[in-house]
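# A look at the structure
Now for the letters of each chain:
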Amino acid sequence: MTNYSKMLDAKIEELEKSGTKPKLLLHACCAPCSSYTLEYLASHFDITLFFYNPNISPESEYNFRADELKRFISLHPSCAGVKLIVPKYDSKPFFEIARGLENEPERGARCLKCYRLRLIEAAKAAKEDGFDYFCTTLSISPHKNAEALNKIGNEVAEEFGVKYLYSDFKKKGGYARSIALSKEYNLYRQDYCGCIFSKIEAEKRANQ
C-alpha cells in the first residue's frame, strides 16, 4: 500500500530545497480536522481553505462548523495569512449523488461519491483561481479511507489539470495532535461526519 505521508514529506523537502511556497487550496471539512493539517502545512504553502461540504445537514450545523473553522484560524499562530472560502449552503448536490445509496454504511459507496463531489469542486476552484495544488483535510480521520481519497484526488487532478497534494494526515500522530488542539482551543468535535445518514448511524450506535 502506498505511503502517502512519506510522499508528502518528500514534496515538502523538495519545496524547502527550492525555497518556493506554492499556493494550496485545502478543502476543509471542519476545524478539528483542519487544526493539525494547518499546523503541519502552513509554513510550506500559501493556504486558502475551501469549506465546501454540501453533505452537512442541517444548515445550522454547516454554519456552526464554518464559524468554528474561522475561529481556529484567527487564533492559532501558524494560521497567520491563511484565507477561508465558505460557499453558500446548498445540500442539493449531495442528495443527488446519494440517491439510491441512502442505506449504504459509513465508508461505503455513498462516502466515495461524496469524496469525489467535494474534490471535484476543490479542483475546479483551484484551477479557476490559479492554485498550484489542491488537497483535503479528510484523510486525518481514522474513519476516512486515505487510499481512496488519494486515488480520487489523482483522477480529479488529471481531469481538471491541477496538481493534487498526496497526503495521509492521520499518520505521524496527526489525528492525536488534532484531538489535543481541539481541547486546547475548545473546538466543537461533532459526533457524526456531517450527512443525515451518518447522523442516523451515530444515533443508533449511541442507543445500543
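Let us look at the structure shown here.

About the cut-offs
- Residues numbered from 1 in each chain as written.
- Predicted model: local features only at pLDDT ≥ 70, side-chain atom pairs only at ≥ 80, totals over all residues.
- Heavy atoms only, no water.
- Helix = DSSP H or I, 4+ residues; strand = E, 2+ residues; numbered from the N terminus.
- Expected span 1.5 Å × (residues − 1).
- Buried < 20%, exposed > 50% of the residue type's maximum accessible area, 1.4 Å probe, protein only.
- Phe/Tyr/Trp six-rings, centres within 6.5 Å; stacked < 30°, edge-to-face > 60°.
- Salt bridge = Lys/Arg side-chain N within 4 Å of Asp/Glu carboxyl O.
- Axes fitted to C-alpha atoms, helices over the stretch in contact; angles between N-to-C directions.
- Parallel < 35°, antiparallel > 145°, perpendicular 65-115°, else oblique.
- Left-handed = near helix turned anticlockwise from the far one by under 90°.
- Contact = heavy atoms within 4.5 Å.
- Polar contact = N/O pair within 3.5 Å; in protein donor to acceptor, adjacent residues only side chain to side chain.
- Core = buried A, V, L, I, M, F, W, Y, C linked by side-chain atoms within 4.5 Å.
- Arc of directions from axis to C-beta.
- Disulfide = S-S within 2.5 Å.

Backbone torsion omega between Ser-57 and Pro-58 reads -5°, so that peptide bond is classified as cis. Among the structural elements, Pro-58 can be located in the loop between β2 (46–50) and α3 (59–75). Residue Lys-172 is not a glycine yet carries a positive backbone phi of 60°. Positionally, Lys-172 belongs in the loop between β5 (163–164) and α7 (174–184).

Helix length check: helix α5 (residues 109–128) (20 residues) gives 29 Å between terminal C-alpha atoms against 28 Å at 1.5 Å per residue, within 8%. Listed as buried for α5 are Arg-110, Cys-111, Cys-114, Tyr-115, Leu-117, Arg-118, Leu-119, Ala-122, Ala-123, Ala-125 and Ala-126. With its phi angle positive at about 75°, Gly-130 sits one or two positions after the end of α5.

Inspection of the entire model under this criterion finds 14 aromatic pairs. Both rings, one in Tyr-40 and one in Phe-169, keep their centres 6.4 Å apart while their planes meet at 80°; by these two values the pair is edge-to-face. Taken together, the positions of Tyr-40 in helix α2 (residues 31–41) and Phe-169 in the loop between β5 and α7 put the pair 129 residues apart, joining distant regions of the chain. A residue is classified by how much of its surface remains accessible, and Tyr-40, at 16% relative accessible area, is buried. Since its relative accessible area comes to 1%, Phe-169 is described here as buried. Counting every residue linked through ring pairs, the aromatic cluster contains Tyr-4, Phe-134, Tyr-164 and Tyr-166.

It is worth spelling out the pattern of salt bridges at this point. Under the definition given, this model contains 14 salt bridges. Between Lys-172 and Asp-9 there is a salt bridge, with its nearest N and O atoms 3.1 Å apart. Here Asp-9 lies in helix α1 (residues 4–18) and Lys-172 lies in the loop between β5 and α7, a separation of 163 residues in the sequence. The exposed category is assigned to Lys-172, whose relative accessible area is 53%.

With that settled, consider the packing of α5 against helix α6 (residues 146–160). Packing of α5 against α6 brings their axes to within 9 Å, and their N-to-C directions diverge by 40°. The angle between α5 and α6 falls in the class oblique. Between α5 and α6 lies a crossing of right-handed hand. Of the residues in α6, those in contact with Leu-112, Tyr-115, Arg-116, Leu-119, Ile-120, Ala-123, Lys-124 and Lys-127 of α5 are Ala-148, Leu-149, Ile-152, Gly-153, Glu-155, Val-156 and Phe-160.

Moving on, we get to the side chain of Ser-178. Mapped onto the elements of the fold, Ser-178 is located in helix α7. A polar contact is formed between the side chain of Ser-178 and the backbone oxygen of Tyr-175, at a distance of 2.6 Å. Ignoring anything within four residues of it in the chain, the contact list for Ser-178 reads Pro-32, Ser-35, Tyr-36, Ile-140 and Arg-189.

Moving on to the nonpolar core. Note on soluble globular proteins: their nonpolar side chains tend to be buried together. Core analysis: the largest hydrophobic core is formed by 62 residues, its most contacted members being Leu-24, Leu-38, Leu-41, Phe-45, Ile-47, Leu-49 and Phe-134. Examining the composition of this core, we find that 9 residues originate from one element, α5, more than from any other. Aside from chain neighbours lying at most four places away, what touches Ile-47 is Leu-24, Leu-26, Leu-38, Leu-41, Ala-42, Gly-81, Val-82 and Lys-83.

For helix α8 (residues 196–207), which comprises 12 residues, the first-to-last C-alpha distance of 17 Å matches the rise-based estimate of 16 Å (1.5 Å per residue) to within 8%. Looking at α8, one finds that the buried residues are Phe-197, Ser-198 and Ala-202. End-on view of α8: buried residues confined to an arc of 135°, all on one side of the axis. For α8, the exposed residues set more than 90 degrees away from the buried face come down to Lys-204, Ala-206 and Asn-207. Where α8 is buried, its residues contact α4 (92–98) and α5.

With that settled, the discussion passes to the state of the cysteines. What we call a disulfide is simply a covalent bond connecting the sulfur atoms of a pair of cysteines. Summed over all chains, the structure comprises 0 disulfides. Cys-33 provides the cysteine sulfur closest to Cys-30, a residue in no disulfide bond, and the two sulfurs are 3.6 Å apart. The class for Cys-30 is buried, based on a relative accessible area of 2%. Free cysteine Cys-195: the closest other cysteine sulfur is in Cys-193, separated by 6.1 Å.

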